[in-house]
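# Chains, contacts and geometry: an overview
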Amino acid sequence: MIQHLKISSFFAVWQQYPGLIPVSLRDGVVIWQDVSTYHFYEGFFHKSLNNLKMLRKEAATTFSTDIGILKDDRFAEESLPLSGFIFHTGRCGSTLLTKVLACSRDNHIISEAQPLNMIFSLFANGGSVGFESTLENRTIYKNLLLSLARKRLNTHQRCFVKFSSYNIHFSRFIQTVFPEVPAIFITRDTYEVVASFQKKPAAWMDESNFLEIKNVYGLPGNNLEEIVTGFKKEADRACIKQVSNKELKPENIAHICSQFNYTPESADIGKMKQQFLYDSKVEFNKKQFER
């Protein structure tokens, strides 16, 4: 059974477990898990947690708290600098880019983390009320993301965040909270994205998830073309620099990293180039990346 901590006792536990981060959020409750010094290289937050679970010989140390803990600004004290936000259409190479960045153990990668998706559902009560950019919501969001960006490895120098595709509809709110963090939007031909989704729907398109996501994020119905077009329009409204999936090439790594004011070490660039030889969705499957 998960021990529920009061806010008054949480930060003593936070200091006791330097790898404690939020891994789940639902119904006003935050689940915190000690992920120790595990480097997230998988390209998806949930895959990192699953791999860590398989590697462990015992159950992870886990606690829960009320959402109100995130009103406390002490989370910023142990956070890595946020160096870049990655928004995208989906099926465009964004996962590849996160895995490329994760090739360097200097970079902590948060990729499509469940808490960053569910926080907006909480703010909008599952879509039943309109979302408001209140000071309280901005504070909670800021500390949620900063707690995910906690420095857990001595090598970690910076943090990159890849959002789920539909998070673009809250990108202006995110930029309000973190105005200094550079952001890019990875795009691809709309019909190619739609064809990929039709061939294999994303997990968020499942009936059990879609209605809530649609209501919370204001997605335009069930039409995939309209949804993907809506992502692109919102990126335009937010004035986020767009990067075509055709630019995701090994020889362009340094240029893409420069969008985040980041210059990788030459040894890291070599590792990053190797990542293009592997499937971005299936670990260790050697398959050339196809644009």
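The structure contained in this document is the topic of the report that follows.

Parameters and conventions
- Residues numbered from 1 in each chain as written.
- Predicted model: local features only at pLDDT ≥ 70, side-chain atom pairs only at ≥ 80, totals over all residues.
- Heavy atoms only, no water.
- Salt bridge = Lys/Arg side-chain N within 4 Å of Asp/Glu carboxyl O.
- Helix = DSSP H or I, 4+ residues; strand = E, 2+ residues; numbered from the N terminus.
- Contact = heavy atoms within 4.5 Å.
- Polar contact = N/O pair within 3.5 Å; in protein donor to acceptor, adjacent residues only side chain to side chain.

### Topic: the pattern of salt bridges
Tallied over the full model, the rule gives 9 salt bridges. Across the pair Arg-74 and Asp-72 runs a salt bridge, and its minimum N-O distance is 2.8 Å. Notably, a salt bridge pairs Lys-142 with Asp-73, separated by 3.0 Å at the nearest N-O pair. One end of the pair, Lys-142, is in helix H5 (residues 135-148); the other, Asp-73, is in the loop between strand E4 (62-66) and strand E5 (82-88), with 69 residues separating them in the sequence. Counted as one network, the salt bridges with shared partners bring together Arg-172, Glu-234 and Arg-237.

### Overview of the environment of Arg-172
Inspection of the secondary structure assignment puts Arg-172 in helix H6 (residues 171-177). When neighbours within four sequence positions are excluded, Arg-172 is seen to be in contact with Glu-234, Arg-237 and Ala-238.

### With respect to the side chain of Asn-137
With respect to the secondary-structure elements, Asn-137 resides in helix H5. At a separation of 2.7 Å, a polar atom in the side chain of Asn-137 contacts the main-chain carbonyl oxygen of Glu-132. The residues contacting Asn-137, other than those within four sequence positions of it, are Phe-123, Phe-131, Glu-132 and Phe-173.

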